[in-house]
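# Structure assessment
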Amino acid sequence: MPVELDVNVELERVKALRAFAEGAGRLPILVQEDPDPDAMATAMAVRLLLHRLEDDCPIVSLGEITRAENRRMAELLGIRVTRVTPAEISGFEKVIAVDMQPRGIDHPPPRFGIIDHHPRRDDDLAADFTDIRTEYGAASTMMTEYLRADGESQIHQKLATALLYGIRTDTDTLLRSASAADVVAYAFLQDRADLALLRRIARPSFPAGSVRALGRALAAARVADEIAVAYLGKLAPADAHILPLLSDFCLSLEGVSWAAGAAVIGDELSLAIRWAGTGADGPGAGRVARAMAPTPEKGGGHATMARVSLPVGSVTTVSPEPGAQVPADAVLELLREAIDRLRSEGA
């Protein structure tokens, strides 16, 4: 049955969001530490809905954009994301967090508005405005509904392209965790987006050295009990975008339902986790990442894709060489332990 947009409900949400923003001189939009397309597109839409300019409504993050296609999106669509510290965030009276739920900003925290589609991370989450729809595959879908209710004519081509790419990446082109609402929003945006520009964003280039390292890691991938792990060795932060690609390749191996690409980035062991199952089959990648994380802000994500950062000491030996077996074996064991523990707890 077709999903109909409930204009009155969405207009109430728009009204509440604007009421929250009212009176704030400078109102930052906070996205996750490694901003992704869904977050950046949602932030663009929020700024448009609030009739704000970039200078008084900047998009900010506690980290930097790492994936090549995400950097390409920001460049081609003119999206500027400014890196800030928790202390700087605390200096604002109000902050709108999109595609995430803020943690670790407590000296003191500003008044938050939250727009997200991830599972609620904290039962005591405090916010003046909250719209969390876990049944949606992307926050970009939520914003498409806001904008359609408020007036479809304001959705210009660049914004439609950004929102379409946000839905596409978070749902794997509607093949993963997509709701009927995501499908409707995707179809609506496809008629308004610049599809040629979208293709340019989605096809970034990779340095030859990164591709060779990827090949060596895949050749030495460790597989056991439906889990595959490949280790990239030490990785420069600028090359962190190839880690999810490594995980995706591992998940395509025959008989594998769990996969992780691992690398040492800075002073941490970073894992991109993938899961090929559905909600009824297991704990999900996001829960596994949170279970493995030493602190809450170090791990999380979706049911099918997640990321976690661990102390390098989590593995007995860290080799700089891609494909090294000892780290791959150790990571596989850490991942298996987390999955088994959550299964035994009925998560």
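The coordinates are above.
Residues numbered from 1 in each chain as written. Predicted model: local features only at pLDDT ≥ 70, side-chain atom pairs only at ≥ 80, totals over all residues. Heavy atoms only, no water.

### Digging into the environment of Pro 237
Positionally, Pro 237 belongs in the loop between β8 (227-234) and α10 (242-251). With relative accessibility at 54%, the residue Pro 237 sits in the exposed group. A sequence separation of 173 residues divides Pro 237 from Glu 64, and the C-alpha atoms of the two residues are 9.4 Å apart. Contact partners of Pro 237, with chain neighbours within four places excluded, come to Thr 66 and Ile 265. (Helix = DSSP H or I, 4+ residues; strand = E, 2+ residues; numbered from the N terminus. Buried < 20%, exposed > 50% of the residue type's maximum accessible area, 1.4 Å probe, protein only. Contact = heavy atoms within 4.5 Å.)

### Considering the side chain of Thr 42
Position of Thr 42 among the secondary structure elements: in helix α2 (residues 37-49). Beyond its immediate sequence surroundings of up to four residues, Thr 42 is in contact with Val 98, Ala 139, Ser 140, Met 143 and Leu 163.

### With respect to unusual backbone geometry
One non-glycine residue with positive phi stands out, namely His 51, at about 55°. With respect to the helices, strands and loops of the structure, His 51 is situated in the loop between α2 and β2 (59-61). Given a relative accessible area of 62%, His 51 falls into the exposed group. Of note, Asp 99 is a non-glycine position whose phi angle comes to about 60°, a positive value. With respect to the helices, strands and loops of the structure, Asp 99 is situated in the loop between β4 (94-98) and β5 (111-116). What makes Asp 99 buried here is its relative accessible area of 2%.

### With respect to the pairing of strand β10 (residues 268-275)
Among the eight residues that make up β10, seven are buried, leaving the element largely enclosed by the rest of the structure. Counting the residues in the hairpin turn of strand β9 (residues 258-265) and β10 gives two residues, including Gly 266, whose phi is positive at 70°. With seven bridges joining them, β10 and strand β12 (residues 305-311) adopt antiparallel strand pairing. Looking at β12, one finds that Arg 274 is bridged to Met 305. (Pairing = 2+ DSSP bridges.)

### Here we look at the sheet that holds β9
Sheet architecture is open: six strands sit in the order β7-β8-β9-β10-β12-β11, paired in mixed fashion. Strands at the two margins of the open sheet, each flanked by one partner only, are β7 (222-224) and β11 (299-301). When the angles between neighbouring strand axes are averaged without regard to direction, this sheet yields 15°. Sheet topology places β7 next to β8; three bridges connect them, and they run antiparallel. Its bridge partner being in β8, Ala 224 is matched across the sheet by Ile 227. Lying on the sheet, α10 is in contact with β8, β9, β10 and β12; it crosses β9 at an angle near 155°. In the packing of helix α11 (residues 285-292) onto the sheet, the strands contacted are β9, β10, β11 and β12, and the crossing angle to β12 comes to about 10°. (Axes fitted to C-alpha atoms, helices over the stretch in contact; angles between N-to-C directions.)

### Section: the sheet that holds strand β6 (residues 129-132)
If you walk across this open sheet you meet the six strands as β3-β2-β1-β4-β5-β6, and the pairing is parallel. In this open sheet, the two strands that pair with only one neighbour each are β3 (81-83) and β6. In this sheet, adjacent strand axes meet at a mean angle of 30° when their direction is disregarded. Bridge analysis of strand β1 (residues 29-31) against β2 gives three bridges, and the strand direction is parallel. Within β2, the residue paired with Ile 29 across the bridge is Ile 59. Where helix α1 (residues 7-21) meets the sheet, its contacts fall on β4, β5 and β6, and the angle it forms with β4 comes to roughly 140°.

### Describing the pattern of salt bridges
Within this structure, the stated rule accounts for 20 salt bridges. Here Arg 133 makes a salt bridge to Asp 131, at a shortest N to O gap of 2.9 Å. When sorted by exposure, Arg 133 lands in the same class as Asp 131, which is buried. As a salt-bridge pair, Arg 148 and Glu 152 come within 3.2 Å of each other at their nearest N and O atoms. Each of Glu 10, Arg 13, Asp 131, Arg 133 and Glu 145 takes part in a single network of salt bridges with overlapping partners. (Salt bridge = Lys/Arg side-chain N within 4 Å of Asp/Glu carboxyl O.)

### Thoughts on the packing of aromatic side chains
Each aromatic ring pair is described using two quantities: the centre-to-centre distance and the angle formed by the ring planes. One pass over the structure, following the stated rule, counts one aromatic pair. Taking the centre distance of 5.3 Å and the plane angle of 25° together, the rings of Trp 258 and Trp 275 count as stacked. A residue pair is termed long-range when its members are at least 10 positions apart, and Trp 258 in strand β9 and Trp 275 in strand β10 qualify at 17 residues. For Trp 275, a relative accessible area of 6% gives the class buried. Here Lys 94 stacks its cationic end above the ring of Phe 20, 5.4 Å away from the centre of that ring. Positioned above the aromatic ring of Tyr 136 is the side chain of Arg 133, whose terminal nitrogen or guanidinium carbon lies 5.1 Å from the ring centre. (Phe/Tyr/Trp six-rings, centres within 6.5 Å; stacked < 30°, edge-to-face > 60°. Lys NZ or Arg CZ within 6 Å of the ring centre and 35° of its normal.)

### Remarks on the packing of α1 against helix α5 (residues 139-151)
Between two packed helices, the angle of one axis relative to the other and the distance separating the axes together describe the packing. The interhelical angle for the contact between α1 and α5, taken along N-to-C directions, is 100°, at an axis separation of 8 Å. One finds that α1 runs roughly perpendicular with respect to α5. For the pair α1 and α5, contact is made by Val 7, Glu 10, Leu 11, Arg 13, Val 14, Leu 17 and Arg 18 and by Met 142, Glu 145, Tyr 146, Ala 149 and Asp 150, respectively. For the contact of α1 with α5, the residue count by class is seven nonpolar, no polar and five charged. (Parallel < 35°, antiparallel > 145°, perpendicular 65-115°, else oblique. Nonpolar A, V, L, I, M, F, W, Y, C, P; charged D, E, K, R; others polar.)

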